[in-house]
Amino acid sequence: MNKKKEQIRQLLELAANTPYPEEAKLAQERAEILMVRYNISIAEASNSVPSEYTNKVYYIKGIYAKAIHFGLYYAVDSFNTTVSLVGNTPSQQDCWVKIYGNVKDVDSMIELCDSLEAQSRASMKFWWKENKSDFSQYSSYQQRMLRESYLNFFFKGVASRVKEVVSEEVKTTNSQDLVVSHKQKAKDYLDSQVPNIKTKKHSNKMYEASSSGYTAGYNATLSGKNLDKTKQKQLG
């Protein structure tokens, strides 16, 4: 196992220091695959004790902040190392993703967020430049919605790719229990820091709210004429 840790450490070091982007990308991807396969965290590969947990906030600014911050949340959550929360700044203009987990893993996810935000914005701008003429009849609001939709699906694509890689590695190494345990440690840390939001309980409540809202909408009266006085009082 020590040989694998050293191999991962060398790959991460190469990814961080090589002047060639393609080489850095390949080294980073190979290191991540090995970490999933052998359930080795960045901290363990760096020979540090993976006992320290922390949280850091990644801020997203600009016109597409809301679309990007939810995308980053789903992308980060697709990995089996950290957990996160999302929110807005008091001004409501900017957004943030707060990541919880092992110190090294959190640092890695912050770097990933920075990279993915830059890639998503650049990719969207290129796509829009190439296809803008096709939407000349759309209003400025509709055009913005199209660009935000592009960003949403950009991150869905990222999340799908990550899940496929992780799922395949877990399947080939039979390491499901170890992977779940690693993720659970990050969740336990989040619960200890935010006592009012227990991750498992919060997830269940979110499902209950979604399910209840769906059921209420499905059973809603589709004609105002059919509202009786009791329902009018409840809605009033």
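Residues numbered from 1 in each chain as written. Predicted model: local features only at pLDDT ≥ 70, side-chain atom pairs only at ≥ 80, totals over all residues. Heavy atoms only, no water.

1. Points about the overall build of the protein
From N to C terminus, the protein includes 9 helices and 3 strands. For the protein, the α and β elements follow one another from N to C terminus as α-α-α-β-α-β-β-α-α-α-α-α. Within the protein, the fraction of its 236 residues that count as buried is 32%. Counting only carbon and sulfur atoms, one obtains 52% of the accessible surface of the protein, whose full area is about 15400 Å². (Helix = DSSP H or I, 4+ residues; strand = E, 2+ residues; numbered from the N terminus. Buried < 20%, exposed > 50% of the residue type's maximum accessible area, 1.4 Å probe, protein only. Areas by Shrake-Rupley, 256 points an atom, 1.4 Å probe, with all protein chains shown as cover.)

2. Comments concerning unusual backbone geometry
The phi torsion at N39 lies on the positive side, around 55°, for a residue other than glycine. Residue placement: N39 occurs in the loop between α2 (21-38) and α3 (42-45). Residue class for N39 comes out partly exposed when judged on its relative accessible area of 24%.

3. Let's talk about the confidence of the model for the protein
Per-residue confidence for the protein gives a mean pLDDT of 76, with 71% of residues at or over 70. By mean pLDDT, helix α9 (residues 229-235) is the weakest element of the protein at 48, and helix α5 (residues 103-131) is the strongest at 90. Taken together, the stretch residues 230-236 has pLDDT below 50 and engages in 3 contacts with residues farther than four places along the chain or on a different chain. (pLDDT = per-residue confidence, 0-100. Contact = heavy atoms within 4.5 Å.)

4. Examining the nonpolar core
Core analysis: the largest hydrophobic core is formed by 25 residues, its most contacted members being I60, I68, L72, I99 and F155. Other than its neighbours up to four places away in sequence, F155 contacts I68, G71, L72, A75, L116 and S120. Counting 11 residues, the second-largest nonpolar core is a separate cluster that includes I8, A15, I40 and A45. (Core = buried A, V, L, I, M, F, W, Y, C linked by side-chain atoms within 4.5 Å.)

5. Here's the deal with the pattern of salt bridges
Overall, the coordinates contain 4 salt bridges when judged by the stated rule. Among the salt bridges present, the one from E29 reaches R161, with a minimum N-O distance of 2.6 Å. One end of the pair, E29, is in helix α2; the other, R161, is in helix α6 (residues 140-173), with 132 residues separating them in the sequence. With its nearest N and O atoms 2.6 Å apart, the salt bridge here joins K56 to D107. In this pair, K56 sits in strand β1 (residues 53-60) while D107 sits in helix α5, placing the two residues 51 residues apart along the sequence. Its relative accessible area of 36% is what places K56 among the partly exposed residues. (Salt bridge = Lys/Arg side-chain N within 4 Å of Asp/Glu carboxyl O.)

6. Topic: α5
Given a rise of 1.5 Å per residue, 29 residues ought to cover 42 Å, and the 42 Å separating the end C-alpha atoms of α5 matches this to within 8%. Along α5, the positions that sit buried rather than exposed are D105, V106, S108, M109, I110, C113, L116, E117, S120, R121, M124 and W128. With a side-chain oxygen lying 3.0 Å from the backbone nitrogen of K104, the N-terminal cap of α5 falls on N102. (Expected span 1.5 Å × (residues − 1). Polar contact = N/O pair within 3.5 Å; in protein donor to acceptor, adjacent residues only side chain to side chain.)

7. Details of the side chain of S78
The topology assignment puts S78 in the loop between α4 (65-77) and β2 (83-88). Looking at S78, its side chain comes within polar contact range of the main-chain oxygen of Y74, at 2.8 Å. Contacts of S78, omitting those with residues within four sequence positions, involve A159, V162, K163 and V166.

8. Structural notes on the packing of α4 against α5
Relative placement of two packed helices is described by the angle separating their axes and the distance separating the axes. In the contact formed by α4 and α5, the axes pass within 10 Å of each other and the chain directions differ by 135°. One element, α4, and the other, α5, form an angle in the oblique class. As α4 runs across α5, the sense of the crossing is right-handed. Counting all contacts with α4, which are made through A65, I68, L72, A75 and V76, the residues of α5 involved are M109, C113, L116, E117, S120 and R121. Looking at the contact of α4 with α5 residue by residue, the class counts come to 8 nonpolar, 1 polar and 2 charged. (Axes fitted to C-alpha atoms, helices over the stretch in contact; angles between N-to-C directions. Parallel < 35°, antiparallel > 145°, perpendicular 65-115°, else oblique. Left-handed = near helix turned anticlockwise from the far one by under 90°. Nonpolar A, V, L, I, M, F, W, Y, C, P; charged D, E, K, R; others polar.)

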